[in-house]
Amino acid sequence: VNLKKGIECGTVCLPREGVSETVLRKALYWLTEACEWELEEGQGHWQVTLRGGQDGPNSCRAEFDRLLNDFLLRERLDQKTGHLREQITLAALKGLVRDDTGC
Amino acid sequence: VTTPAVERLPFAFRRLGDSPKYVATNQGAAFALLEDREQLCTLIDGDLSDLPEDKRDELLAKNFLAEASDRDARVGLLASRQATLIRQNLVAPSLFLIIPTLRCDHDCVYCQVSRVGVERAGYDLPLTAIDKIIDLIGAVQTPTVKIEFQGGEPLLAAPFIQEFVEKAGERLAGRRFRCREARHN
């Protein structure tokens with residue numbers, strides 16, 4: 001990522017306790033290409049620097065916040081229901097194998 | 001009358017464009033519209049008794065929620081529906097995606113697919129693959145077949161597409177088939 005071009009939108013510091021690396025990287029992955037980012041690992045926090053944006057300097061920050069909040073919600077949902085999702089998927093696959101082999 | 005307590009079943013969600021609404025989907029291929037982020041947060045992390053009664057009933061009917069007494073039955077139902085969806089796609093797919101090239105001469109900001117520069121060699125399907133692909137499609141017993149050419153930029157492989165469409169017209173005679181290209185802008 002070339003941070004020399006684009007307009008700086010600011011640096012965001014996030015506590016590592018509250019934001020997992022997986023959630024953070026998913027949010028950054030889905031940012032539009034118009035937003036450039038750099039991720040640094042600090043003592044107890046993540047530091048994200050954002051630049052660019054098609055609709056002004058704040059658009060990257062707004063999009064990042066929205067994505068981050070959505071992936072935080074998905075992580076929380078997975079903590080509550082992930083075991084059921086796995087149970088459903090395993091039962092579905094077992095059903096397919098049973099139909100296929102007759103066992 | 002006491003309303004029975006309900007619990008969450010797994011689902012996925014995404015926001016609907018710039019609308020405040022969210023769409024939730026589950027493994028049984030059901031979907032439900034959530035009015036706003038507050039309703040989404042309630043469904044994920046809040047007190048489920050705060051949901052409006054009609055929304056709660058809808059989410060129960062579509063297996064986004066379960067009562068403690070019927071949770072296992074609903075999990076079984078979702079598994080059965082998911083198995084049916086997988087089976088349909090394994091046994092009788094009606095949509096075939098063909099990627100004749102990964103080369104691309106565009107740089108679209110939204111693009112998430114694999115692509116390489118237009119001059120790169122070794123990233124095109126050879127014309128000799130056409131017969132094998134049509135054999136495979138011909139072996140699938142569906143009356144209607146849709147073939148979509150993706151990429152890269154599929155039109156960089158125009159000779160492949162032209163030959164494919166001509167041969168498919170001859171060899172899939174009697175089947176309804178339609179071809180389209182996923183072009184980039």
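All figures in this text were calculated on a predicted structure; none of them were measured in a lab.

A count of helical and extended segments in chain A gives two helices and three strands. Each helix and strand of chain A, ordered N terminal to C terminal, gives the series β-α-β-β-α. Across the 103 residues that make up chain A, the buried fraction comes to 35%. For chain A, the accessible surface area stands at approximately 6300 Å², while carbon and sulfur atoms represent 48% of it.

This part is about the state of the cysteines. Residues and elements named next belong to chain A. Evaluated as defined, the whole model comprises one disulfide over all chains. Paired by a disulfide, C35 and C60 hold their sulfur atoms 2.2 Å apart. On the S-S bond that ties C35 to C60, the torsion sits near -105°, and the link is left-handed. Taken together, the residues C35 in strand β2 (residues 35-41) and C60 in helix α2 (residues 58-101) connect sequence positions 25 residues apart. A relative accessible area of 7% places C35 in the buried class. With relative accessibility at 0%, the residue C60 sits in the buried group.

Chain B puts 28 residues into the contact, and the matching count from chain A is 24 residues. Between chain B and chain A, the buried area comes to about 2400 Å², and carbon and sulfur atoms account for 60% of it. At the surface where chain B touches chain A, the tally comes to three salt bridges. Contributing elements (two or more residues each) for the side of chain B that touches chain A: β2 (12-15), α1 (37-45) and α3 (71-91) of chain B. At eight residues, the largest contribution of residues to the side of chain B that touches chain A is made by α3(B).

Residues and elements named next belong to chain A. Across chain A, pLDDT averages 84, with 83% of residues at or above 70. Looking across chain A, the model is least confident in strand β1 (residues 8-15), with a mean pLDDT of 79, and most confident in helix α1 (residues 21-29), with 94. Below pLDDT 50 for its whole length, residues 1-6 participates in ten contacts with residues either more than four positions away or in separate chains.

All told, the structure shown has five aromatic pairs over all chains when counted by the stated rule. When the ring of F149(B) is compared with that of F164(B), the centres are 5.4 Å apart and the planes differ by 85°; the resulting orientation is edge-to-face. You can see F149(B) sitting in strand β7 (residues 144-149) and its partner F164(B) sitting in helix α5 (residues 158-171), a full 15 residues away along the chain. Residue classification places F149(B) among the buried positions, given a relative accessible area of 1%. Three or more aromatic residues joined by ring pairs make a cluster, and in this case those are F149(B), F160(B) and F164(B). The ring of F71(A) has R74(A) sitting right over it, with the charged end atom 4.8 Å from the ring centre. One cation-aromatic arrangement involves K62(B) over F31(B); the distance from NZ or CZ to the ring centre is 5.4 Å.

Bringing a nonpolar patch on the surface into the picture now. A cluster of nonpolar side chains, contributed by L16(B), F31(B) and L33(B), occupies part of the molecular surface with about 260 Å² of accessible area. Within the element layout of this structure, L33(B) appears in strand β4 (residues 31-34).

In this section: the pairing of β2(B). All names here are of chain B. Direction of pairing for β2 relative to strand β3 (residues 22-25): antiparallel, over a ladder of four bridges. Bridge pairing in β3 links A12 to T25. Hairpin connection from β2 to β3: six residues lie between these consecutive antiparallel strands, with G17 at a positive phi of about 55°.

Residue and element names in this part refer to chain B. Of note, the bond from G151 into G152 is cis; its omega dihedral lies within 30 degrees of zero at 20°. Mapped onto the elements of the fold, G152 is located in the loop between β7 and α5. Despite not being glycine, A29 shows a phi value in the positive range, around 65°. Looking at the element boundaries, A29 is found in the loop between β3 and β4.

All names here are of chain B. Topologically, E148 is positioned in strand β7. Taking relative accessible area as the criterion, E148 reaches 11% and is therefore assigned buried. In this structure E148 touches L95, F96, L97, I98, R180 and A182, once residues within four positions along its chain are discounted.

All names here are of chain B. What the rule picks out here adds up to 21 salt bridges over all chains. Across the pair R56 and D57 runs a salt bridge whose closest N-O atoms are separated by 4.0 Å. Given a relative accessible area of 9%, R56 falls into the buried group. Where D107 meets R115, a salt bridge forms, and the shortest distance between an N and an O atom there is 2.9 Å. Relative accessible area serves as the criterion here: at 57%, D107 is assigned to the exposed category.

Conventions adopted
- Here the residue index of a chain counts from 1 through its sequence in written order.
- Whichever chain is written first becomes A and whichever ligand is written first becomes 1, with later ones labelled in order.
- It should be noted that, the model being predicted, local features are given only for residues of pLDDT at least 70 and side-chain atom pairs only at 80 or more, the latter also being counted only at that level, while totals for whole chains, interfaces and linings use all residues.
- Side-chain measures here rest on the full set of heavy atoms in the structure, leaving out hydrogens and waters.
- Comment: elements are numbered from the N terminus, with helices defined as DSSP H or I runs of at least four residues and strands as E runs of at least two.
- In this scheme, a residue with accessible area under 20% of its type's maximum is buried, one over 50% is exposed, and one in between is partly exposed, where area comes from a 1.4 Å probe on protein chains only.
- Only the protein chains shown count as cover for residues, and the accessible areas themselves come from Shrake-Rupley with a 1.4 Å probe.
- Criterion for a disulfide: a pair of cysteine sulfur atoms within 2.5 Å.
- Contacts were defined at the residue level, with two residues in contact if any of their heavy atoms lie within 4.5 Å.
- The term buried area refers to how much accessible surface (probe radius 1.4 Å) is lost by two components on association, counted for both of them together.
- Counted as salt bridges are all cases of a side-chain nitrogen of Lys or Arg within 4 Å of a carboxyl oxygen of Asp or Glu.
- Per-residue confidence from the predictor is reported as pLDDT, a score between 0 and 100.
- Side-chain rings of Phe, Tyr and Trp, where Trp is taken by its six-membered ring, are said to pair if the distance between their centres is within 6.5 Å; with planes under 30 degrees apart they count as stacked, over 60 as edge-to-face, and otherwise as tilted.
- Comment: the charge-over-ring label is applied if NZ (Lys) or CZ (Arg) is within 6 Å of the ring centre and within 35 degrees of the ring normal.
- Patch membership needs two things, relative accessible area over 30% and no salt bridge, and members are linked within 9 Å if like-charged or within 5 Å if nonpolar (Val, Leu, Ile, Met, Phe, Trp, Tyr).
- Two strands make a pair as long as DSSP finds a minimum of two bridges between them.

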